[in-house]
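Geometric and topological summary
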Amino acid sequence: MFDIDWWSLALPFGYIFVLGSSLYVFSTIYRKRKAAESANLAPWFPPHLQKEVYSTLLELDADKDRKTKVPRSVVRAALLRRAVEDIARIIQVRQAKQALNNLLQRGSVGEDLNQRFQRAEKEIEEELKDVVMEANALAPGWGQTIFQSANEIAANTVLRSRLDDIQNKAAAEKEWWEKRRETIQSDFMKELEEEPTKVAPRLAATMTPYWSTRAPRSPHQARRRRARNKTGM
Amino acid sequence: MAATEEYFDLLPIDLDPQTKAVTASAGAPKALHAELAALNSLHRSLVALENTPQIPPPPIPVNPKRSANITKLKDSGNDLYRKGKHAEAVKMYTLGVQMALQRPLWEPQGLVREEISQLYANRAQAHMALQNWAEGAVDAEAAVEAKRAGNAKAWWRRGKCLLEMGRLDEARDWVGHGLEMEGEEAELLALQQEVVARLDKKQKREESEKA
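Residues numbered from 1 in each chain as written. Chains lettered and ligands numbered in written order. Predicted model: local features only at pLDDT ≥ 70, side-chain atom pairs only at ≥ 80, totals over all residues. Heavy atoms only, no water.

It is worth spelling out the overall build of chain A at this point. Within chain A one finds 9 helices and 0 strands. Overall, chain A shows an N-to-C arrangement of helices and strands of α-α-α-α-α-α-α-α-α. Taken as a whole, chain A presents about 15,400 Å² of accessible surface, with 59% of it coming from carbon and sulfur. (Helix = DSSP H or I, 4+ residues; strand = E, 2+ residues; numbered from the N terminus. Areas by Shrake-Rupley, 256 points an atom, 1.4 Å probe, with all protein chains shown as cover.)

In C-alpha cells, the structure reads:
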C-alpha cells in the first residue's frame, strides 16, 4: 500500500501555509487601513447648524424637569429653517455633480473626493426624507408643501440680500456725486473768471454740460495748465 | 424622532418663557446667534398667520391683498409723476418698495422680482427727473438685478445716469452688457453711440492737451 512519507511533504505544506497566512495578513491590514481612511474623509458639508438647533429644541421639549415647554410653533419654525438649509445644499450638490463627473473622467481629481461627494448625496437624500416625515408629524400634509415653501424662502432671501447690497451703496454714491459736482463747478467758475475767451467758445461748441464730460482736475494740474496757456501754447 | 437620528451635541440654547424667543448663551459662536435671529423672525411671521396649524401656505395661490396695495401705490406714484410732482412720486414708489419687500418670504419670488423691478425702475425715472443721477443709477441697477431680461428701460436709465455723471467707461460697459441681454434695442443703441462719441471727444482733447 501507499506509505506516505510525511516528512518529505513537510516542505510543500509549509510553503502553502506561509503563502496563505501572508496573503491573509496583507488583506486584513489593507482593508483596515482603507476603512480608516474613508472614515477619516472630511465631510462635504459643514455641520448642519439648523438641524442641530431643531434637535436641541426637541431635546429641551422632552426634558421633564423644565417648566416651560417649547411651543409647537417654534419647533415648526425650526423645521422650516432646516428645510431652507437643505434646499441650499441640494442646489450645491446638483451644481457640483456635473463638474465633478467631468473632472473625474479626465482624472483631474482623486477618488476620495468622489467618495466624499457620494456620501454627501446619500446624506442629503436621507435628510429630505427625514424632514418630510417630521413635517407630517407636526402638521398633517405639511410634508407635501414644506419644500416648496423652503425653496421660495431660500430664493427670496438671496434676492433680498442682493437688493440690499445695491441699495446700501446709494448713500456713498450720492455723497461722491455731490462732492464731485462741487469741485467741477468751482473749477469751472475759476477757469471762467481767468480765461473767459478760452472756455466760452468750447462750451458753445459742445452744447453739453461742461462738468459731465470732464474729470475733476486736481489743483496742481489746473495750475500747470493755466501756466501753459499763459505762455501761449 | 426618526430612528436614523445620529449622535449630536446639544447646543447651548434656551427658550425665553415670555417672548418664546430662542436665545443662545453669551459665549456661543456668532453663526449660532445669527441663525437664532433668523429663526425667531421666521417664527414671528409664522405666528402672525391666521390659519391653524400655523404653517406657511403653499406658494400658489397668493394672498391678493398685498398685490393690490402695491399696485395702488405704484399707480398713484405714476399719476404724481405725470403731474410733474417728482419728489412726491419718489415717496410713493418708496412706500411701494417697502411694501413689496415685506412680502412673506414663502410667497413666490418671481412675483417679488416682477413688482420690485417695476417699482425701482419707476423710482429711477423720478430721480432722473429731479436730476438725482446717483440715486437714479442705484435704483436702475436694483431694477435690473431683480429682472435681467426684458427690462430695457432700466438698463437704459442706469446707462443714462452714468453718462450724466461723467462715468463714461462704466456707462459703456453697462450699456454693452444691456445690449447683450436685450438684443438690438433702439434706445440702448442710441445711448451707446452717444457714450462712444463722448469718449472719443474726451480722448481727443486729452491728446491735444498733451501735445
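After that view, the rundown keeps rolling.
Residues and elements named next belong to chain B. On the secondary structure map, Arg158 appears in helix α6 (residues 152-164). Looking at Arg158, the relative accessible area reads 8%, which means it is buried. Sequence-wise, Arg158 and Trp133 are 25 residues apart; in three dimensions their C-alpha atoms are separated by 8.7 Å. When near neighbours in sequence (up to four residues on either side) are disregarded, Arg158 contacts Ala137, Val138, Ala140, Glu141, Glu170 and Trp174. A polar side-chain atom of Arg158 sits 3.5 Å from a polar atom in the side chain of Glu141. (Buried < 20%, exposed > 50% of the residue type's maximum accessible area, 1.4 Å probe, protein only. Contact = heavy atoms within 4.5 Å. Polar contact = N/O pair within 3.5 Å; in protein donor to acceptor, adjacent residues only side chain to side chain.)

With that settled, consider the interface of chain A and chain B. Of the residues lining the interface, 60 residues belong to chain A; the matching set on chain B comes to 67 residues. Summing both partners gives a buried area of about 5,600 Å² for chain A against chain B, and 64% of it is carried by carbon and sulfur. Where A:Arg81 meets B:Glu35, a salt bridge forms, and the shortest distance between an N and an O atom there is 2.9 Å. Linking chain A with chain B are 14 residue pairs in polar contact (both at pLDDT 80 or more). The greatest single-element share of the side of chain A that touches chain B, amounting to 13 residues, is contributed by helix α5 (residues 146-168) of chain A. When the residues that make up the side of chain A that touches chain B are grouped by side-chain class, the tally is 24 nonpolar, 15 polar and 21 charged. (Buried area = accessible area lost by both parts, 1.4 Å probe. Salt bridge = Lys/Arg side-chain N within 4 Å of Asp/Glu carboxyl O. Nonpolar A, V, L, I, M, F, W, Y, C, P; charged D, E, K, R; others polar.)

A few words now on the pattern of salt bridges. Counted by the stated rule, this structure contains 23 salt bridges over all chains. For B:Glu135, the salt bridge goes to A:Lys174, with nearest N and O atoms at 3.5 Å. With B:Glu135 in helix α5 (residues 133-146) and A:Lys174 in helix α6 (residues 170-194), this pair bridges two chains. Relative accessible area serves as the criterion here: at 14%, B:Glu135 is assigned to the buried category. Exposure remark for A:Lys174: the relative accessible area of 37% places this residue in the partly exposed category. One salt-bridge network, in which partners are shared between bridges, spans A:Lys51, A:Arg82, A:Glu127 and A:Asp130.

Let us look at the nonpolar core. Note that soluble globular proteins tend to have their nonpolar side chains buried in a common cluster. Among the nonpolar cores identified, the biggest contains 42 residues, and A:Leu163, B:Ile116, B:Leu119, B:Tyr120, B:Trp133 and B:Met165 are the most heavily contacted of them. No other element matches the 8 residues that α5(B) contributes to this core. Ignoring any residue separated from it by four or fewer positions in sequence, one finds B:Trp133 in contact with A:Trp177, B:Met128, B:Cys161, B:Glu164 and B:Met165. Counting 40 residues, the second-largest nonpolar core is a separate cluster that includes A:Val84, A:Ile146, B:Leu11 and B:Leu32. (Core = buried A, V, L, I, M, F, W, Y, C linked by side-chain atoms within 4.5 Å.)

Turning our attention to the side chain of A:Arg160. By secondary structure assignment, the location of A:Arg160 is in helix α5. For the buried A:Arg160, which has no salt bridge, the nearest side chain bearing the opposite charge is B:Glu107, at an N-O separation of 7.7 Å. Apart from the residues lying within four places of it in its own chain, the contact partners of A:Arg160 are B:Ala100, B:Leu101, B:Gln102, B:Arg103, B:Leu105 and B:Val112. (Lys, Arg positive; Asp, Glu negative; His and termini not counted.)

A word on unusual backbone geometry. Positive phi outside glycine occurs at B:Gln131, with the angle close to 60°. Locating B:Gln131 in the fold gives a position in the loop between α4 (109-129) and α5.

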